[in-house]
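Observations on chain architecture
Residue-level listing of the chains:
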Amino acid sequence: MAEITASMVKELRERTDAPMMECKRALTEAGGDIGKAEEILRVKLGSKASKAASRITAEGVVAIERTPDGKLGAIIEINCETDFVAKNDEFLRLASDCAGLVLRENPADVATLSSLPMGDGTVESTRTALVGKIGENMSVRRFVRVAASGRLGAYVHGGAKIGVLVDYSGGDDQLGKDLAMHIAAAKPKALDASGIDAELIDSERRIAAEKAREANKPEAMIEKIVDGSVQKFLNEVTLLGQVFVKAEDGKQTIAQLLKSKGASIAGFTLFVVGEGLAKRSNDFAAEVAAQAAAAAQR
């Protein structure tokens, strides 16, 4: 049997927020397989064991630029070490200027963007100079340039921590904004079921089946229960299946909203700052002390 180490328990606890002993028992049952242990906890503890998927783990901002006709857009994420710097005017200007460059120049990747002219130098020299001035590291993480098949709705939320571009046809400008706001709030994984990883769906099927068996449901009913559970999951994670956040009746889905407006969506891009990155663990007092020390050295 695989040895269950403290670090394995800690990692599973961070993923799931489950009690430590529950994590250890799940790891033992799973033979040390963390992925399988997470599934076991989700069967036992339900949605409490999936909070890590939406955790924001680094600082920075998202910036968006669009052409006036809404046919082209760019969305970019630039990271820094602290929220203090994420609110700095020069840092915000760097993000906005970089988004504008992506829109106009269509660079192939971050390295190409970094070499483009900016001010008296390049994006990279501007970034380096700002790092030296502020005393904190920062980096361009990712960007997407979108050529719309229809036109682009956009929305930036939460101190520029979440940004959305949505390619839609039909409807009006307000619909585009509403769709982008919904995506920012509900964070769908894909437009429809075809965009969801088959392994993720298989995992949901296994979890639903185990829950049904633990609830002593008749074997003949389990397949139907599993199908219903998977469909509910797909409605929750796909844009077209989600209930519109501004629905007056609390029932209208995005698909129904689009039909009522004679509109459609070709796709969307959602950036959440720090998604998938490891956040620094220093506290506020240490952060202020570090800022003061950096300022004293300049």
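Thresholds applied
Residues numbered from 1 in each chain as written. Predicted model: local features only at pLDDT ≥ 70, side-chain atom pairs only at ≥ 80, totals over all residues. Heavy atoms only, no water. Pairing = 2+ DSSP bridges. Helix = DSSP H or I, 4+ residues; strand = E, 2+ residues; numbered from the N terminus. Axes fitted to C-alpha atoms, helices over the stretch in contact; angles between N-to-C directions. Salt bridge = Lys/Arg side-chain N within 4 Å of Asp/Glu carboxyl O. Phe/Tyr/Trp six-rings, centres within 6.5 Å; stacked < 30°, edge-to-face > 60°. Lys NZ or Arg CZ within 6 Å of the ring centre and 35° of its normal. Polar contact = N/O pair within 3.5 Å; in protein donor to acceptor, adjacent residues only side chain to side chain. Contact = heavy atoms within 4.5 Å. pLDDT = per-residue confidence, 0-100. Core = buried A, V, L, I, M, F, W, Y, C linked by side-chain atoms within 4.5 Å. Buried < 20%, exposed > 50% of the residue type's maximum accessible area, 1.4 Å probe, protein only.

What follows covers the sheet that holds strand 1 (residues 59-66). Whether parallel or antiparallel, the strands of a sheet pair through hydrogen bonds between backbone atoms. One open sheet holds the three strands; their spatial order is 1-2-5, and the pairing between them is antiparallel. If you trace the sheet from one side to the other, it starts and ends with strand 1 and strand 5 (138-147), each paired once. When the angles between neighbouring strand axes are averaged without regard to direction, this sheet yields 15°. Sheet topology places strand 2 (residues 72-80) next to strand 5; nine bridges connect them, and they run antiparallel. The partner of Leu 72 across the bridge, within strand 5, is Ala 147.

We now examine the pattern of salt bridges. Throughout the structure, instances matching the rule amount to 15 salt bridges. Where Lys 133 meets Glu 90, a salt bridge forms, and the shortest distance between an N and an O atom there is 2.9 Å. One end of the pair, Lys 133, is in helix 7 (residues 123-134); the other, Glu 90, is in helix 5 (residues 89-105), and 43 residues separate them in sequence. Asp 178 is the salt-bridge partner of Lys 246, the closest N and O atoms lying 3.0 Å from each other. Placement of the pair is Lys 246 in the loop between helix 10 (219-237) and helix 11 (254-261) and Asp 178 in helix 8 (residues 173-186), with a sequence separation of 68 residues.

One pass over the full model with this rule turns up zero aromatic pairs. Across from the ring centre of Phe 271, 4.0 Å away, lies the NZ or CZ of Arg 142, which sits over that ring.

It is worth spelling out the side chain of Lys 161 at this point. Locating Lys 161 in the fold gives a position in the loop between strand 6 (151-157) and strand 7 (162-169). Within the local environment of Lys 161, its side chain forms a polar contact with the side chain of Glu 59, the two groups lying 3.3 Å apart. At a separation of 3.0 Å, a polar atom in the side chain of Lys 161 contacts the main-chain carbonyl oxygen of Gly 60. Leaving out residues up to four positions away in the same chain, Lys 161 has contacts with Glu 59, Gly 60, Val 62, Asp 83, Ala 86, Phe 271, Val 272 and Val 273.

A residue-level look at the protein finds 88% of positions with pLDDT of 70 or above and a mean pLDDT of 87. Across residues 47-57 the pLDDT falls below 50, and counting only partners more than four positions away or on other chains, this stretch makes 22 contacts in the model.

Attention now moves to the nonpolar core. Among soluble globular proteins, nonpolar side chains are generally buried collectively. Of all hydrophobic cores here, the largest spans 26 residues; its most connected members are Ile 76, Ile 78, Leu 113 and Met 138. Taken together, the elements giving at least two residues each to this core come down to strand 1, strand 2, helix 4 (83-86), helix 5, helix 7 and strand 5. The element best represented in this core is helix 5, accounting for eight residues. Dropping the residues within four chain positions of it, Ile 76 is found in contact with Val 61, Val 62, Ala 63, Ala 95, Cys 98, Ala 99, Val 102, Leu 113, Val 140, Arg 142, Phe 143 and Phe 271. Counting 22 residues, the second largest nonpolar core, distinct from the first, contains Val 164, Leu 179, Ala 263 and Leu 270.

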